[in-house]
Structure formats: C-alpha cells, structure tokens
Amino acid sequence: MIRLAIQKSGRLSEDSLKLIRECGISFISTTSKLKTEATNFPLEILFLRDDDIPGYVADGVADIGIVGQNVLVEEGLQQLSVKNLGFSKCRLSLAVSKGAEYHDVTTLQGKSIATSYPNLLQEFLTSKGVEADIHTISGSVEIAPSIGLADAVCDIVSSGSTLISNGLREVETVFKSEAVLIANQNLDQEKNRLLQQLLFRMEAVQKAQK
Ligand code: PRP
Ligand code: MG
Ligand code: ZN
C-alpha cells in the first residue's frame, strides 16, 4: 500500500483527483472524509492542507504527494520533486494598490510587503538589491494594503480575479509554478514499485493528452 497526500480543497484538488482517476484508479471521495482507499490499486489518499504536504512527505507520514512548486520551494524541499504534472499553473506575484505609484521593483525599497511566501520573496528582492519589510501572514494576504497592513502583497495569482476584486494591480512575477509529484526519499522496495507503476500511468495520461 502506498499513501498519497493531495490538497483537501483549493486550486490543486480537482485536477489532482482527475489525474488519479485518469490513471484508472477508482475510489469513493466524500468531502467530509480526510482519508480514502482506492478500490482497484493499493493506494490510500489523504486530504490535507497544501502547505502541510511537503513536510508530511519528507517525514514519511505520506509516501508521495501532489503539491504546487510554490509551496515546495518555499519550504526548501524541492529535493522531493519527482515529476512536473503540468496543471494548476500559477505565478507568485507582487501587487500594489490600483492607484499606487509604481515604476520598477526599486519602488518597493523600504516598503512593507505582506506574503505567505517570505523565502521566495526574500530571494527575489535580494536578487534585485531591494530591501523591504516582509510581513508573513498565512492567509487573506490580498486584504493587507486596503487595511493599512502593508504597502504591497506577494501572493499566488491564477486567473487574477482575487487581485481585481481587492483593488490590486500585479507588478512583478516572482516565481512561476505548477503542480508537481513529490515522493519520500526512503521508500521501501514495494512502495517504490507502486510509485513506478503510478508514474508509468501518469506518463501515459500525459502522452494521450498531447
Ligand atoms: C491563491 C491566492 C488567492 C488565489 C488567487 O490561493 O492566495 O486566494 O489563489 O487565484 P485567482 O488569481 O484565480 O483569483 P491558493 O489556491 O494558493 O490557496 P491557499 O492560499 O488557501 O493555499
Ligand atoms: Mg496556501
Ligand atoms: Zn514590519
């Protein structure tokens, strides 16, 4: 039996479940259950918060997982990456209030920026020679400028509708992301064999879609 962690609810959830089904794996999914077993493959599926998935896979609580590169790289666990999955593409971007003055990234010098991705943001700012005051918050980042918590935000943009509805304007791309399959680095022989089977099926699904 191999244990897979996927996002419980969010941008990755639906496409993750779709990929598993396209691999020919059947299971019953109910929104209230946090764990389910496949009926025709030795697979157990855990439904977790995306931010928790890399850590659980690193620790072996889950054997494999599907997560955004944004979360994986932020947590410094990119060594767990096995395969890019090509869905849930998004970008980590800097945004300012619609009416705020902005020329280039140096406009942010000395300003405060709210984000859930302090490491990716710090790396980007350092590469540009900009020093800013990073405020780490775990959610609802886009509200920060309108309540005076920060001058700018750095958060995930997919369709862009969250930015628009919060009166924000995207000004810089910090990091580009997509879903990635990750695996614990000490899988036993049996689990490794199951991972290889899953990878083989995923590759077949991807080829069929081209
Ligand atoms: C991101 C971000 C926004 C949303 C943006 O959240 O925090 O809420 O996606 O998408 P949009 O441009 O299509 O409006 P994410 O899916 O990463 O969820 P999480 O922060 O709850 O983990
Ligand atoms: Mg998140
Ligand atoms: Zn501060």
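Here is what the cut-offs are and how they apply
- Residues numbered from 1 in each chain as written.
- Chains lettered and ligands numbered in written order.
- Predicted model: local features only at pLDDT ≥ 70, side-chain atom pairs only at ≥ 80, totals over all residues.
- Heavy atoms only, no water.
- Salt bridge = Lys/Arg side-chain N within 4 Å of Asp/Glu carboxyl O.
- Buried < 20%, exposed > 50% of the residue type's maximum accessible area, 1.4 Å probe, protein only.
- Helix = DSSP H or I, 4+ residues; strand = E, 2+ residues; numbered from the N terminus.
- Contact = heavy atoms within 4.5 Å.
- Near = heavy atom within 4 Å.
- Polar contact = N/O pair within 3.5 Å; in protein donor to acceptor, adjacent residues only side chain to side chain.
- Areas by Shrake-Rupley, 256 points an atom, 1.4 Å probe, with all protein chains shown as cover.
- Nonpolar A, V, L, I, M, F, W, Y, C, P; charged D, E, K, R; others polar.
- Patch = residues over 30% accessible without salt bridge, like charges linked within 9 Å, V, L, I, M, F, W, Y side chains within 5 Å.

S.K.: Explain the pattern of salt bridges here, please?
M.R.: Proximity of charged atoms lets side chains of opposite charge pair with each other. As enumerated under the stated definition, the model contains 8 salt bridges in all. Of the charged contacts, one joins Arg 49 and Asp 51 as a salt bridge, the two residues approaching to 3.2 Å between their closest N and O atoms. Classification of Arg 49 as exposed rests on a relative accessible area of 52%. Under the relative-accessibility criterion, Asp 51 is labelled partly exposed at 30%. Ionic pairing is found between Lys 83 and Glu 203, a salt bridge with its closest N-O pair at 3.7 Å. Residue Lys 83 is located in strand β5 (residues 81-84), and its partner Glu 203 is located in helix α6 (residues 189-209); the two are separated by 120 residues in the primary sequence. Looking at Lys 83, the relative accessible area reads 14%, which means it is buried. For Glu 203, a relative accessible area of 34% gives the class partly exposed. Residues joined in a network through salt bridges with shared partners are Arg 3, Lys 35 and Glu 44.

S.K.: Looking at this structure, I do not really get the environment of Asp 51. What am I missing?
M.R.: Inspection of the secondary structure puts Asp 51 in the loop between β3 (43-48) and α2 (53-59). Through-space distance from the C-alpha of Asp 51 to that of Ile 2 is 21 Å; in sequence the pair is 49 residues apart. Contacts of Asp 51, omitting those with residues within four sequence positions, involve Val 71 and Glu 75.

S.K.: Can you help me understand the site of ligand 1 in this one?
M.R.: By nearness alone, every residue bordering ligand 1 is listed as Arg 11, Asp 50, Glu 142, Asp 155, Ile 156, Val 157, Ser 158, Ser 159, Gly 160, Ser 161 and Thr 162. The side chain of Arg 11 places a nitrogen or oxygen atom 2.5 Å from an oxygen atom of ligand 1. Residue Asp 50 places a side-chain N or O atom 3.3 Å away from an oxygen atom belonging to ligand 1. Starting from 520 Å² of accessible surface for ligand 1 in isolation, the protein chains cover 72%. At the level of secondary structure, the elements contributing two or more residues to the shell around ligand 1 comprise β9 (152-157) and α5 (161-165). Among the elements that take part in the shell around ligand 1, β9 stands out by supplying 3 residues, more than any other. Counted by class, the shell around ligand 1 contains 2 nonpolar, 5 polar and 4 charged residues.

S.K.: Honestly, a nonpolar patch on the surface in this entry has me stumped. Any pointers?
M.R.: A cluster of nonpolar side chains, Ile 143, Ile 147 and Leu 149, forms an exposed patch at the surface whose accessible area comes to about 260 Å². Its place among the elements puts Leu 149 in the loop between β8 (133-136) and β9. Classification of Leu 149 by relative accessible area gives partly exposed; the value is 38%.

Purely spatial values, then, with no claim about function.
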